[in-house]
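Overview (structure and organization)
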Amino acid sequence: MMQGLLIGIANTFFWFVPWYSWTQEFMGEQINMTQNGSHIGGIAYLLIAASILFAIFSYQKNHQLQIVFGSVQLGIALLLMTNGNLSWGLPAIAIASGAGIWIGIKEKKAALSIQANELKD
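Residues numbered from 1 in each chain as written. Predicted model: local features only at pLDDT ≥ 70, side-chain atom pairs only at ≥ 80, totals over all residues. Heavy atoms only, no water.

Re the pairing of strand β2 (residues 29–35)
Look at any regular strand and the pattern is simple: side chains alternate between the two faces of the sheet. Both strand β1 (residues 20–26) and β2 contribute to a ladder of seven bridges, which runs antiparallel. Its bridge partner lying in β2, Y20 is registered against Q35. In textbook terms, the turn of a hairpin is the stretch between consecutive antiparallel strands, and for β1 and β2 this stretch comprises two residues, one of which, M27, has a positive phi near 55°. (Pairing = 2+ DSSP bridges. Helix = DSSP H or I, 4+ residues; strand = E, 2+ residues; numbered from the N terminus.)

Dropping the structure here:
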C-alpha cells in the first residue's frame, strides 16, 4: 500500500521535471530549452490525473484500479517517449509506473491467497 502511494506521488512529481530538452540558437547564443508536463498539456494532463488516481487507489487497496491506472501511466509515458529530445522525466515515469504495476499485481495475489486461506478455514 505505502509503496504504491509513494510511486503515485513520485510520478506526480516527475510530471514537473524536464521531459524533453534541446539546444536552440537565439540571437547568436545557444540556449538550453526544456519542456515538462505542464508545457505539453492535453494527454499530459491525463498522465498526471492517472498518477493521482493511482496513488488514491493504492492507498485504498483497490488493486484492480491501481493496476489499470498504472497501465494508463505506462502507456502514455511510452507514447510520449516516441518524440525526440528525450530528457529524464518520462523514463522515470515509465520505470515508476512499471514498478507500480508489478507492486499492484503482487499485492493482488497476496490478497487473493489470504482470501483463499480464509475460505478454507
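That was the structure; now back to the text.
Side note on the packing of aromatic side chains
In total, this model carries five aromatic pairs according to the counting rule given. Pairing F57 with F69 gives two aromatic rings, centres 5.7 Å apart and planes at 15°, and the pair type is stacked. Taken together, the residues span a long stretch of sequence, with F57 in helix α3 (residues 43–59) and F69 in helix α4 (residues 63–80) at a distance of twelve residues. Among the aromatic residues, those joined into a cluster by ring pairs are F13, F14 and W88. (Phe/Tyr/Trp six-rings, centres within 6.5 Å; stacked < 30°, edge-to-face > 60°.)

Some details on the side chain of S51
The residue S51 is located in helix α3 in this model. Look at S51 and you get buried, because its relative accessible area is 1%. Among the polar contacts made by the side chain of S51, one reaches the side chain of Q73 at a distance of 3.2 Å. Excluding residues within four positions of it along the chain, S51 makes contact with G8, N11, T12 and Q73. (Buried < 20%, exposed > 50% of the residue type's maximum accessible area, 1.4 Å probe, protein only. Polar contact = N/O pair within 3.5 Å; in protein donor to acceptor, adjacent residues only side chain to side chain. Contact = heavy atoms within 4.5 Å.)

With respect to the packing of helix α1 (residues 2–14) against helix α5 (residues 89–120)
At a closest axis distance of 9 Å, the pairing of α1 and α5 adopts a crossing angle of 165°. As summarised for this structure, α1 and α5 are arranged roughly antiparallel, according to the angle between their axes. For the pair α1 and α5, the crossing hand works out as left-handed. Counting all contacts with α1, which are made through Q3, I7, N11 and F14, the residues of α5 involved are G89, A92, I93, A96, S97, A99, G100, I103 and K106. Taken together, the residues of the contact of α1 with α5 sort by class into seven nonpolar, five polar and one charged. (Axes fitted to C-alpha atoms, helices over the stretch in contact; angles between N-to-C directions. Parallel < 35°, antiparallel > 145°, perpendicular 65-115°, else oblique. Left-handed = near helix turned anticlockwise from the far one by under 90°. Nonpolar A, V, L, I, M, F, W, Y, C, P; charged D, E, K, R; others polar.)

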